[in-house]
Amino acid sequence: MSILKAKDTQFRLQEDGSVCFQVQESNPLPGVKIAQLAKGESAYKPAFTILEEDSVNGVDRTELRDRLEQWFGAHLKTVLEPLMNLEQVGEEDAAPVKGIAYQVYEKMGIIPREQLEDLIADLDTDMRGVLRSKRIRLGPVLAFIPALNKPAAVRLRAVLWGVYNERALPLEVPKDGIVSFEVDPSAIDKNFYQAVGYPVYGKRAIRIDMLDRVISAVYDAADKGVFRAQHKMAEWLGCPIDDLYEILEAMGHRKIEDAPEKSQEQSQEPESTDGAEKNAVEPEVKVSVEDLANAEQVSEDENKAKSEDAAEKPQAVNNDVKPELALFRLKKGKAFQKTGGFKGGKKPFNKKQGQKAQNKSHKSKGKPKDRGPRVISAGPEKKLENSPFAILGQLKDKK
């Protein structure tokens with residue numbers, strides 16, 4: 001079979017930017033290298049350098065390059081489908097939607113929200129629905145496409161970014177499915193980690209969906225511009241509490257109060273209480289078990305006391321309350337206001353809502369409401385002698 005007529009599944013992209021060709025369709029191995037990616041007109045359209053290999057001898061280089069470009073375009077649409085769909089924006093889409101979609105596309109599916117604030121401020125409810133249909137999430141800090149968190153999408157974007165920025169490949173990519181991991185901020189390119197969906201805060205690279213989850217929890221917990229760090233945030237990120245503090249500070253939040261320390265009396269109280277309860281409860285349980293062997297001698301009061309002790313014992317033993325963490329002040333700025341990006345902090349009406357509000361406003365002013373013509377019933381005239389009271393009176397007179 002000619003390489004020009006081979007199926008797309010016979011071509012494989014490697015993490016070093018090489019393209020391999022497998023002669024046997026059912027063979028899972030990548031095959032032999034036939035081309036190498038090089039910087040092209042955009043990150044999504046690299047150039048192909050055909051290698052001097054026996055498998056491509058006698059093949060027209062121009063035709064082979066066209067075939068590889070065709071395969072590569074289909075490969076991108078398969079692995080990065082929601083991102084590639086942004087390339088063709090509908091003519092019916094509003095200008096703010098087109099602008100946001102274009103910038104998310106150019107940044108490989110993730111961009112700081114502050115770079116989109118002017119466009120976000122012009123969105124109405126319908127436009128936001130269109131962005132959701134394009135699978136774009138406007139997070140408090142970052143706008144991104146959650147569907148690109150899959151390992152295959154992360155690895156492919158790493159190759160695209162490395163080739164376009166002319167970096168030596170392969171680049172070190174996050175392990176499949178990892179939530180966060182330590183990095184050396186002074187020795188890495190933060191732009192790379194952000195492009196593959198792992199923005200760097202503090203000394204950790206964090207998967208964008210979990211980072212967004214923590215950011216949302218921060219604002220849910222905030223009250224009057226301050227919030228307290230929570231243990232679940234560290235659990236979501238898979239990091240120690242000290243790393244969580246560093247991440248929050250890297251976001252721009254300021255720690256204003258350290259975690260409260262337990263007093264010596266509080267730290268000793270659970271131990272002494274548990275020991276006292278253990279000594280007090282165990283004999284009662286033992287007695288009640290012996291009494292149950294002789295059910296005739298067990299009184300109703302003793303059974304009641306046993307059930308109460310059984311209910312109290314788990315509460316005394318369960319002492320898993322986690323200590324409070326440090327207190328932070330929210331970062332100031334547009335991206336950290338709970339206005340959702342709307343001008344003046346108010347959500348605009350869409351066209352239908354605006355028309356209803358306008359009609360309602362016109363009706364409520366000026367002349368009183370016209371309730372329509374009054375309807376007066378004109379039924380048969382009621383005669384007094386036909387009323388029940390008149391008939392009763394006639395019966396009395398006859399008597």
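Residues numbered from 1 in each chain as written. Predicted model: local features only at pLDDT ≥ 70, side-chain atom pairs only at ≥ 80, totals over all residues. Heavy atoms only, no water.

**A closer look at unusual backbone geometry**
Look at the link from leucine 169 to proline 170: it is a cis peptide, with omega at 0°. Tracing the sequence through the fold places proline 170 in the loop between α6 (151–164) and β8 (180–182). Even without a glycine there, the phi angle at methionine 108 is positive, about 60°. Tracing the sequence through the fold places methionine 108 in the loop between α3 (95–106) and β5 (110–112). Residue methionine 108 is classed as buried on the basis of its relative accessible area, which comes to 5%. (Helix = DSSP H or I, 4+ residues; strand = E, 2+ residues; numbered from the N terminus. Buried < 20%, exposed > 50% of the residue type's maximum accessible area, 1.4 Å probe, protein only.)

**Describing the nonpolar core**
Counting residues in each nonpolar core, the largest one holds 58 residues, and the members touching the most others are Val19, Ile34, Leu68, Leu80 and Leu83. The dominant element in this core, judged by the number of residues it contributes, is α6, at 8 residues. (Core = buried A, V, L, I, M, F, W, Y, C linked by side-chain atoms within 4.5 Å.)

**Considering empty space enclosed by the protein**
Under the defined criterion, the tally for this structure stands at 3 cavities of 30 Å³ or more. Size it by volume and the largest cavity reaches roughly 40 Å³. Along its surface, the largest cavity is lined by Asn149, Lys150, Pro151, Val154, Arg155, Pro174, Lys175, Asp176, Gly177 and Tyr198. For the lining of the largest cavity, a count of residues per class yields 4 nonpolar, 2 polar and 4 charged. (1 Å grid on protein atoms, 1.4 Å probe; cavity = no way out; pocket = protein on both sides within 12 Å on 5 of 7 lines; lining within 4 Å. Points joined across faces, edges and corners; volume = space filled by probe spheres on them. Nonpolar A, V, L, I, M, F, W, Y, C, P; charged D, E, K, R; others polar.)

**Re the sheet that holds strand β7 (residues 142–144)**
One open sheet accounts for 3 strands, arranged β5-β7-β6; its pairing is antiparallel. The sheet terminates laterally at β5 and β6 (137–138), the two strands that pair on one side only. For β6 and β7, the ladder comprises 2 bridges, and the chain directions are antiparallel. Residue leucine 138 lies in a different strand from β7, and its bridge partner there is alanine 143. Together, β5, β6 and β7 form the strand contacts of helix α8 (residues 208–221), whose direction differs from that of β7 by roughly 140°. (Pairing = 2+ DSSP bridges. Contact = heavy atoms within 4.5 Å. Axes fitted to C-alpha atoms, helices over the stretch in contact; angles between N-to-C directions.)

**Overview of the pattern of salt bridges**
Any two side chains of opposite charge can pair if their charged atoms end up close together. For the structure on display, the rule yields 17 salt bridges. The salt bridge partner of aspartate 258 is lysine 255, with a shortest N-O separation of 3.2 Å. By relative accessible area, aspartate 258 is classed as exposed at 51%. Salt bridges here are not isolated pairs; linked through shared partners, they connect Glu15, Arg155 and Asp176. (Salt bridge = Lys/Arg side-chain N within 4 Å of Asp/Glu carboxyl O.)

**Looking at the layout of surface pockets**
Of the voids in this model, the largest pocket is the one considered here, and its volume is about 470 Å³. Considering the residues around the largest pocket, the lining is formed by 17 residues, among which Glu106, Lys107, Met108, Trp161 and Ala195 are closest to the centre. Breaking the lining of the largest pocket down by element, the ones donating at least two residues are α3, β5, α6 and α7 (190–195).

**Digging into the sheet that holds β8**
Across a sheet, strands are paired by hydrogen bonds formed along the backbone, either parallel or antiparallel in direction. The sheet built from 3 strands is open, its strands ordered β8-β10-β9 with antiparallel pairing. Looking along the sheet, the strands with just one partner apiece sit at the ends: β8 and β9 (200–201). In the sheet, β8 pairs with strand β10 (residues 204–206) via 3 bridges, with the strands oriented antiparallel. Bridge pairing in β10 links glutamate 182 to arginine 204.

**Some points on the packing of aromatic side chains**
All chains considered together, the criterion is met by 11 aromatic pairs. Relative to phenylalanine 21, the ring of phenylalanine 11 lies with its centre 5.4 Å away and its plane at 45°, an arrangement referred to as tilted. Placement of the pair is phenylalanine 11 in strand β1 (residues 11–13) and phenylalanine 21 in strand β2 (residues 18–21), with a sequence separation of 10 residues. Given the relative accessible area of 3%, phenylalanine 11 is considered buried. Phenylalanine 21 gets classed as buried once you look at its relative accessible area, which sits at 6%. Through pairs of rings, three or more aromatic residues link up here, namely Phe11, Phe21, Phe48, Trp71 and Phe72. One residue, lysine 39, lies across the ring of tyrosine 164, its end atom 4.8 Å from the ring centre. (Phe/Tyr/Trp six-rings, centres within 6.5 Å; stacked < 30°, edge-to-face > 60°. Lys NZ or Arg CZ within 6 Å of the ring centre and 35° of its normal.)

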